[in-house]
Amino acid sequence: MSDRYIVGDLVAEFLQAVGVTTAFGLVSVHNIPMLDAIGRRNAIRFVKARGEHGAGHMADAFIRASGDLAVLFTSTGPGAANGIPALVEAGFAGTPLIHITGQTASGNIDRDQGPVHDLPGQLAMLESVSKSAYRVRDAASALGTLTRAVSDALTPPMGPVSIEIPIDVQRTAIDRPAALDGQLLALPAPAPAPTAQLDEAAAMLRAAKRPMLWTGNGAKFAGAAVRRLVDMGLPLATSWNGRAVIPEDHPRNFAGLYAAPELVEFYQSVDLLIVAGCRLRGHETADLSLALPARRIHIDIDPAANGRTYGNDLFLCGEAGATLAALADRVDGQLTLDAALGDAAAAAKTAAEASFKDFLGTYADMPAVVRAAMPADALWVRDVTMNNTTWGNRWFPLNAPRDNIYPISAAIGPGLPLGIGAALGAGGRKTVMMSGDGGFAINLAELWTAMDEGVDAVFMIMNDHGYGVIKHIQTSLYGGRHYFADPSAPDYQGLAALCGMPFFHSDTVAGVGPALEAALAVDGPAMVEVDMSAIGAYPTYYKPPPYADKD
């Protein structure tokens, strides 16, 4: 078959043509023609994960870290279903992840005849968790379907797109399309909001004395425009996924601490809030109860964002970066802000940091210790764990948006494969992945993927011997009964030895720095265990919602 050009070859060559250098997944019965073509061409790196779940998270993080397109390959039915958690996470993160899966032969599709891996309704399953999902119906439409699918993934608001290709179509011999030699994708250029809306927004901003800016994932690469407005005097808050649009050591960048009481109090003095590329989602605003400035402008490329969470006085439909740049052009040199605004914002941030440090108690120095041990440009990858939900997301200065990778969905377990994918897309930078012991166990087999690929990453396990955050909730709402929250964990030193990974340990906060520095000096993967039981109890941060039914 290698002397014929088949649809499997077309898939491999198409991915090269649109810039894919790395793919992740598992080889299986219904994707062999495509992966055989990738192997024969030897132009795309294929990362052999231990499961589709982990492979998908690796591809997601690779894209977030590098900005390059990456692909998840799964098999049909159970294999495609195993990739669902990663598609869900990529949807939360707005990652243009391309998922290519096989399908049973065309004549068997959706007929419930029972061929291997057959899952009636597979396309509907993928549609439910993807921005869109496509089926290649025949060889003639393969290139057009692939082109449309990738264009859809890369068109804002971006998200994961799934493509299923029946096995008989993959094997079909075709003439090589001449279009592969040209420009395949025609993506829309970033466009600002309409002129009339921009003029109205500019007038509102000129009239404001104490305005501020709030940006999110849709604006996290709009650093130049955001910097211009911050330099004009506007304080800045960001969503957790939109962090480091400008470096977070800036005194007016509130970063992830935006919900601190000291900053919420500051917001009451703000007379205009400009929200750009941010959903102000319930997970980050206490189910939309966070008290924001009363007068608001909202900028988003998605018209459905208008009024979806918080209301606004003016909605501008346009790409966030282009719109902010056009707005800055209109008000440059024309703002008359309160002279005390900058100092008040910086003082509120300082007070919020001091209060948060007090809250951390025994762990108060942990953020600074970890930050000092890491290079300034290191990737900061996390799983959902108490340390991340508190200081990892909120109080850990980052310098660039691609440094920030964590499960936007708040799922437990993606951290380890996210760290592997981020390290593969890091372009020579170091990667540190922080996980709890509970989350680390979920994709444990991917440690051997890390070893196979030689990823330059440190896997730091914050070991509290159980599901710490669940125990906090159980203590708060369920009488302190910790049912099913204490899974056993491996001896991490033994685990590291089993897979041939250097291991470091600390049972004090001060010792975390030297352990992490030693692990970062390793050329390749390394593991650090932090014994939280020895350090002390972690402060309870969970607060039950007012509607909670307490036992």
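Up top is the structure.
Below you will find a few notes about this structure. Predicted model only: the values in this text are computed from it and were never measured.

Rules of the game
Residues numbered from 1 in each chain as written. Predicted model: local features only at pLDDT ≥ 70, side-chain atom pairs only at ≥ 80, totals over all residues. Heavy atoms only, no water. Pairing = 2+ DSSP bridges. Helix = DSSP H or I, 4+ residues; strand = E, 2+ residues; numbered from the N terminus. Buried < 20%, exposed > 50% of the residue type's maximum accessible area, 1.4 Å probe, protein only. Contact = heavy atoms within 4.5 Å. Axes fitted to C-alpha atoms, helices over the stretch in contact; angles between N-to-C directions.

Pairing is parallel in the open sheet, where six strands are placed in the order β13-β12-β14-β15-β17-β16. Because the sheet does not close on itself, it has two edges, and the strands there are β13 (404-405) and β16 (503-506). Looking at chain direction, strand β12 (residues 379-382) and β13 are connected through two bridges and run parallel. If you follow Trp380 over to β13, its bridge partner there is Asn404.

Let's shift gears to the environment of Ser151. As for its placement among the helices and strands, Ser151 is situated in helix α7 (residues 142-154). Here Ser151 falls in the buried class, since its relative accessible area comes to 16%. Along the sequence, Ser151 and Leu184 sit 33 residues apart, while their C-alpha atoms lie 9.1 Å from each other. With residues up to four places along the chain from it excluded, the contact list for Ser151 reads Leu185 and Leu187.

On to the sheet that holds strand β9 (residues 272-276). If you trace the five strands from one edge of the open sheet to the other, you get β8-β7-β9-β10-β11, paired in parallel fashion. Looking at strand neighbours, the two that pair on one side only are β8 (236-238) and β11 (314-317), the edges of this open sheet. When strand polarity is set aside, the average angle formed by the axes of neighbouring strands in this sheet is 15 degrees. Where β9 lies against strand β10 (residues 296-300), four bridges are found, and the strand directions are parallel. Paired with Val275 across the two strands is His298, which belongs to β10.

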